[in-house]
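Here is how the chains run, residue by residue.
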Amino acid sequence: MSLRHSYVFEDLFTDKSYKLSEDPAIYIKEGSHTVVLENNFQNEKTGCRTFNVNTAIVRNEQGVLGVIVYCEGEGKSEDDKATSESLSVIGELAASAVHEIKNPLFSIRGFLQILDNTLSESDKRKEYVKIMISEVDRLESLTKDFLMLAKIKSDSKELVWVCELIKEVIELYKSSFEKKKIRFRLYMNDESIFLWADRDQLEQVFINLIQNAFEAVEEGGSIDIIVSKLNEKVKVEVKDNGRGIGPEVKDKIFSPFFTTKKNGTGLGLFISKRIVENYGGNIYFNSAQEEGTTFVVEFPIGKDH
Ligand SMILES: Nc1ncnc2c1ncn2[C@@H]1O[C@H](COP(=O)(O)OP(=O)(O)OP(=O)(O)O)[C@@H](O)[C@H]1O
Ligand SMILES: [Mg+2]
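The rules behind the values
- Residues numbered from 1 in each chain as written.
- Chains lettered and ligands numbered in written order.
- Predicted model: local features only at pLDDT ≥ 70, side-chain atom pairs only at ≥ 80, totals over all residues.
- Heavy atoms only, no water.
- Helix = DSSP H or I, 4+ residues; strand = E, 2+ residues; numbered from the N terminus.
- Expected span 1.5 Å × (residues − 1).
- Buried < 20%, exposed > 50% of the residue type's maximum accessible area, 1.4 Å probe, protein only.
- Polar contact = N/O pair within 3.5 Å; in protein donor to acceptor, adjacent residues only side chain to side chain.
- Pairing = 2+ DSSP bridges.
- Axes fitted to C-alpha atoms, helices over the stretch in contact; angles between N-to-C directions.
- Phe/Tyr/Trp six-rings, centres within 6.5 Å; stacked < 30°, edge-to-face > 60°.
- Lys NZ or Arg CZ within 6 Å of the ring centre and 35° of its normal.
- Bend = angle between axes of the 7 residues up to and from the residue.
- Contact = heavy atoms within 4.5 Å.
- Core = buried A, V, L, I, M, F, W, Y, C linked by side-chain atoms within 4.5 Å.
- Near = heavy atom within 4 Å.

A.B. asks: When you look at helix H4 (residues 199–216) in this model, what are you seeing that I'm missing?
C.D. replies: One turn of an α-helix holds 3.6 residues; hence residues three or four places apart share an orientation. Taking 1.5 Å of rise per residue, the 18 residues of H4 would be expected to cover 26 Å, and the 26 Å separating its terminal C-alpha atoms lies within 8% of that figure. Every buried residue of H4 is listed here: Gln 201, Leu 202, Gln 204, Val 205, Phe 206, Asn 208, Leu 209, Ile 210, Ala 213, Phe 214 and Ala 216. Here H4 starts with a cap whose side-chain oxygen sits 3.0 Å from the backbone nitrogen of Asp 200, and that cap is Asp 198.

A.B. asks: Sorry if this is basic, but what is going on with the sheet that holds strand E9 (residues 233–240) here?
C.D. replies: Two pairing modes exist for strands in a sheet, parallel and antiparallel, and in both the strands are linked by backbone hydrogen bonds. A sheet is described by the order of its strands in space; here five strands give the open sequence E6-E8-E9-E11-E10, paired in mixed fashion. Of all strands in the sheet, those with a lone pairing partner are strand E6 (183–188) and strand E10 (282–288), marking the two edges. If you compare each strand with its neighbour and ignore which way they point, the axes differ by 10 degrees on average. Sheet topology places E10 next to strand E11 (residues 292–300); seven bridges connect them, and they run antiparallel. Opposite Asn 286, over in E11, you have Thr 294 as the bridge partner.

A.B. asks: Where do I start with the packing of aromatic side chains in this structure?
C.D. replies: Given two aromatic rings, one states the distance between the centres and the angle between the planes to describe the pair. All told, the structure shown has nine aromatic pairs when counted by the stated rule. Taken together, a centroid distance of 6.3 Å and an interplanar angle of 70 degrees make the contact between Tyr 279 and Phe 299 edge-to-face. Residue Tyr 279 is located in the loop between helix H5 (268–278) and E10, and its partner Phe 299 is located in strand E11; the two are separated by 20 residues in the primary sequence. As far as the burial class goes, Tyr 279 and Phe 299 line up, both buried. The residue whose ring lies beneath Lys 180 is Phe 214, and the NZ or CZ to ring-centre distance is 4.7 Å. Here the guanidinium or amino end of Lys 273 rests over the ring plane of Phe 254, the centre of that ring lying 5.5 Å away.

A.B. asks: Please explain helix H3 (residues 162–179) as it appears in this structure.
C.D. replies: For H3, with 18 residues, the first-to-last C-alpha span of 26 Å sits near the 26 Å given by 1.5 Å per residue. A maximum bend of about 45 degrees is found in H3 at Tyr 173. Listed in full, the buried residues belonging to H3 are Val 162, Cys 163, Leu 165, Ile 166, Val 169, Ile 170, Tyr 173 and Phe 177. Turning to H3, the residues buried within the fold contact strand E5 (158–161), E6, strand E7 (194–197), H4, strand E8 (222–230) and E9. Phi turns positive one or two residues past the end of H3, at Lys 181, with a value near 55 degrees.

A.B. asks: Teacher, can you tell me more about the nonpolar core here?
C.D. replies: Buried together is how nonpolar side chains tend to be arranged in soluble globular proteins. Membership of the largest hydrophobic core comes to 46 residues, with the highest contact counts inside it found for Phe 206, Val 297 and Phe 299. Elements with a minimum of two residues in this core: H3, E7, H4, E8, E9, H5, E10 and E11. Residue contributions to this core peak at eight residues, all from H3. Aside from chain neighbours lying at most four places away, what touches Phe 299 is Leu 195, Leu 202, Phe 206, Glu 232, Lys 233, Val 234, Val 276, Tyr 279 and Gly 281. By size, the runner-up hydrophobic cluster in this structure holds six residues, among which are Leu 105, Leu 112, Val 129 and Ile 133.

A.B. asks: What's the story with the site of ligand 1 in this structure? I'm lost.
C.D. replies: As a structural note, the neighbourhood of ligand 1 is formed by 18 residues, with Thr 259, Thr 260, Lys 261, Thr 265 and Leu 269 the closest of them. In the environment of ligand 1, an oxygen atom lies 2.5 Å from a nitrogen or oxygen atom belonging to the side chain of Thr 265. Residue Gly 268 places a main-chain N or O atom 3.2 Å away from an oxygen atom belonging to ligand 1. Of all the elements in the fold, those that place two or more residues in the shell around ligand 1 are H4, H5 and E11.

Laid out in structure tokens, this is it:
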């Protein structure tokens, strides 16, 4: 088959191009694709198999000379295993480094707070100190999120009384709700719901969803939390009548670092999804712009719970 004058293949490649030789001029163009094979190549868990296909196209001034295809399957080679082991060591090191960052941040914040108290309202420096405090808060929140991500695979499970945990989280928000005049309601069709889980992780999911609802509603808005048990599943709904999620962002909100907020880190929903799915659960939402949003998390209750 002659590939001369055939440019259609080039659509499959990226814009990266290298010159292999000057005379005759030969170029190489890079591409990288994920190919998903269904049906005959089914994998029990995902229903399909994914391959990473690396491609390179070689061409001269007249046309395409050939295509190099390098295919990486799902199966991990010994080299890959060694790489992922060393990556997990790096992950642990990063987690301990981040943990160590938390303490100095705490003292920096404390001293900035003292500085803030000593400056008069008319002093321009007060504004700078306020910015520094808010940036330190952002760093603190990032370190917290990072540590939560590092912990997702940890196995410190216990029997968690879901209703009590949710009531505790709500208690944390009580004064913020009052300040923003939010009408808050909690419904539970069964108080005796227990999950075998890491308490901190579950708490983090509920905090993230309630915090988002709190940030989405206007003053005087409403937030409802509905906890129910149905068909061996625990369902927690967090419903707000806030601004809703626009169609242009609805596919992105679970992506890491996606945020529409000035001081958001964009990790809340990403972390929540990782946690919920780690327990074999689901997280999804329904939203209508200017009417509100309902986030739903569902956890399966195992036989041993
Ligand atoms: N209840 C909600 N109502 C409207 N928009 C929401 C709601 N919950 C999430 N979003 C949208 O999803 C985006 C991502 O949420 P996520 O919680 O991951 O990050 P964030 O709240 O922006 O920052 P943070 O990491 O501090 O939580 C938000 O920036 C917002 O645009
Ligand atoms: Mg959030």
